[in-house]
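Understanding the architecture of this molecule
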Amino acid sequence: MSDIIHLISSGHSGSTLLDISIGSHKNFFSTGECTYFTWQLIRADSDIFNKKNGNVCTCLSKLDECSFWQKVITEIKNRKGINEITEKTFPIIVFGEEKYSKTKPLFKRIEKLLFKSLVKYNLKSFALLTSLWERRKIKNLSILYDSISISSGAKYIIDSSKDIFRYWLLKKIDKKNNHHVVLLVRNPKGIAFSDIRRYKDKAKPIAKVYGWCRKYNLTTSILKSLNVNPHILVYEEFCRNPEKELNKIYDHLKQPNIKKLSINTSELHLVAGNPIRYNDEIHIRVDEEWKTKLSPEINDTIDGILETRLKSGLIKNIYNIS
Ligand SMILES: [Zn+2]
């Protein structure tokens, strides 16, 4: 079976771009935000399917009509003994994400909160107990990965769902597959600036930076509790020299290096992710406009937040924060 590479990052950090870049290697297969597989299947039936709705495969077929996912779907149905893949027969979203079912029952929210705190405070056995409900989904995920593995023949499957709790559960429950982590980090000032550039008056750059600190504090403490040393990839370094950063990952996994990154999106089959996955051509370039255009006020506010809120030593080292 294939190993799984989990890309974990804060939102808007380029995880889809990294997913398809790593997946350009012959031994690797990109799945995008794999956590939305069942959701995309259900949605493709109920909504108008097109690029804008984001509910078509990267190859532009409806998910259940895509030649690749058809193989996966048949494999899952055979393994599970089901005729149809629905939210009921094949749930895979752990702790029910908002996008999946619009209203989350109160007990679900409480369960998620309880689980989060137990993992956060390292009460592993209690956390596993609270997650009993979720075991079925983790088992389904394992079936999904196996089916992708068989259908793609790849040595490594890349999953950019970005969810650290889902990874925690997989690591604890799914002992059958090897799970690796690539921790992707993009400068929060770059994230704040692109938020302002995109949403103008409606932008919430400061809230994004607070969220960024929370995500990496939590992620690195959970990885530490699991004794996992993540492969850290700095987004800006990746944009400067994609091949060099990709080869570090391939070296780590003892896979042959690549000379020149070339991405052909029409051959990809990502379930979900950033719309960049539909672009005919992908040009990776360093975007450091924030260095000159971010207002000094916001710049100083972000520095203040990073100094007081960022606890993770791993991430502090990247940005030389004492
Ligand atoms: Zn496809």
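Every residue gets a number counted from 1 within its own chain, in the order that chain's sequence is written. In keeping with the model being predicted, local features are shown solely for residues with a pLDDT of at least 70 and side-chain atom pairs are shown and tallied solely at 80 or more, while totals for entire chains, interfaces and linings include all residues.

**Topic: the overall build of the chain**
- Only DSSP runs of H or I with at least four residues qualify as helices, and only runs of E with at least two residues qualify as strands; both kinds are numbered from the N terminus onward. A count of helical and extended segments in the chain gives 14 helices and 5 strands.
- For 322 residues, the compact-globule formula gives about 20 Å, and the C-alpha radius of gyration of the chain, at 20 Å, lands near that figure.
- Principal-axis analysis of the C-alpha atoms gives the chain an extent of 60 × 45 × 45 Å.
- What counts as a contact here is a pair of residues whose C-beta atoms, placed from the backbone, lie within 7 Å. Of all intrachain contacts in the chain linking residues separated by at least 6 positions in sequence, the fraction that spans at least 24 positions is 72%. The size measure is the radius of gyration over C-alpha atoms, and the globule rule it meets is 2.2 Å times the number of residues to the 0.38 power.

**Remarks on helix α7 (residues 164-173)**
- Most of α7 is tucked away, with 7 of its 10 residues classed as buried.
- Check the buried side of α7 and you find it contacts β1 (3-8), α4 (106-120), α6 (135-152), β4 (179-185) and α9 (205-225). Counting other C-beta atoms within 10 Å of its own, a residue is labelled buried from 20 upward, exposed at 12 or fewer, and partly exposed in the gap between, with every C-beta atom placed from the backbone.

**Some thoughts on the sheet that holds strand β2 (residues 28-30)**
- Read from one edge of the open sheet, 5 strands run β2-β3-β1-β4-β5, paired in parallel fashion. Only two strands of the sheet have a single partner each, and these edge strands are β2 and β5 (231-234). For this sheet, the mean inter-axis angle between neighbouring strands, taken without regard to orientation, is 25 degrees.
- Only strands that DSSP links by at least two bridges are regarded as paired with each other. In this structure, β1 lies alongside strand β3 (residues 156-159), joined through 4 bridges in parallel fashion. Counterpart to aspartate 3 in the pairing with β3 is tyrosine 156.
- Its contacts with the sheet put α6 on β1, β2 and β3, and the angle it makes with β3 is roughly 125 degrees. Throughout, an axis means a line fitted to C-alpha atoms (over the contacting stretch in the case of helices), and angles, computed between N-to-C directions, take values from 0 to 180 degrees.

**Structural notes on the nonpolar core**
- Each nonpolar core comprises buried Ala, Val, Leu, Ile, Met, Phe, Trp, Tyr and Cys residues, the members being joined through C-beta atoms within 7 Å. Judged by nonpolar contacts, the single largest core of 70 residues is most densely connected at Ile158, Phe165, Val182 and Leu184.
- The element best represented in this core is α7, accounting for 6 residues.
- Residues contacting valine 182, with those up to four places away along its chain left out, are Ile5, Leu7, Pro230, His231, Leu233 and Ile249.

**Side note on the pairing of β4**
- Most of β4 is tucked away, with 5 of its 7 residues classed as buried.
- In terms of strand pairing, β1 meets β4 through 5 bridges, oriented parallel. Directly across from histidine 6, in β4, lies its bridge partner valine 181.
- Summarising the sheet, β4 and β5 pair through 4 bridges and their orientation is parallel. Paired with valine 182 across the strands is histidine 231, a residue of β5.

**A look at the packing of α6 against α7**
- Running from N to C, α6 and α7 point in directions that differ by 80 degrees, and their axes come no closer than 10 Å. With respect to their mutual orientation, α6 and α7 come out roughly perpendicular. Contacts between α6 and α7 involve Arg135, Ile138 and Leu141 on the former and, on the latter, Leu169, Leu170 and Ile173.
- Gly counts as polar in this scheme, as do all residues outside two lists: the nonpolar Ala, Val, Leu, Ile, Met, Phe, Trp, Tyr, Cys and Pro, and the charged Asp, Glu, Lys and Arg. Tallied by class, residues from the contact of α6 with α7 come to 5 nonpolar, no polar and 1 charged. Throughout, the term roughly parallel applies to angles under 35 degrees, roughly antiparallel to angles over 145, roughly perpendicular to angles from 65 to 115, and oblique to all others.

**Here's the deal with the packing of α9 against helix α13 (residues 296-309)**
- The N-to-C vectors of α9 and α13 enclose an angle of 20 degrees; their axes lie 10 Å apart at closest approach. With respect to their mutual orientation, α9 and α13 come out roughly parallel. The chirality of how α9 crosses α13 is right-handed. Contacts between α9 and α13 involve Pro205, Ile206, Val209, Tyr210 and Cys213 from the first element and Ile298, Thr301, Ile302, Ile305, Leu306 and Arg309 from the second.
- Within the contact of α9 with α13, the residues separate by chemical class into 9 nonpolar, 1 polar and 1 charged. Each crossing gets its handedness from the near helix: less than a right angle anticlockwise from the far helix is left-handed, clockwise is right-handed.

**Digging into helix α8 (residues 188-199)**
- Every helix has an expected span of 1.5 Å times one less than the residues it contains. The end-to-end C-alpha distance of α8, which contains 12 residues, comes to 16 Å, matching closely the 16 Å that a straight helix rising 1.5 Å per residue would cover.
- Buried within α8 we find Pro188, Lys189, Gly190, Ile191, Ala192 and Phe193.
- On its buried face, α8 sits against α9, α12 (290-293) and α13.
- Where α8 terminates, the next one or two residues include lysine 200, which has phi positive at roughly 45 degrees.

**Here's the deal with unusual backbone geometry**
- One non-glycine residue, histidine 12, adopts positive backbone phi at about 60 degrees.
- Mapped onto the fold, histidine 12 is located in the loop between β1 and α1 (15-22).
- Owing to 18 C-beta atoms within 10 Å, histidine 12 belongs among the partly exposed residues under this scheme.
- A positive phi is found at asparagine 320, a non-glycine position, where the angle reads about 50 degrees.
- Looking at the secondary structure, you find asparagine 320 in the segment after α14 (313-318).
- The class for asparagine 320 is exposed, based on 6 C-beta atoms found within 10 Å.

**As for the environment of leucine 184**
- By the secondary structure assignment, leucine 184 is in strand β4.
- Measuring from C-alpha to C-alpha, the distance between leucine 184 and threonine 308 comes to 22 Å, with 124 residues separating the pair along the chain.
- Residues contacting leucine 184, with those up to four places away along its chain left out, are Leu7, Ser9, Ser13, Gly14, Ser15, Leu18, Leu233 and Tyr235.

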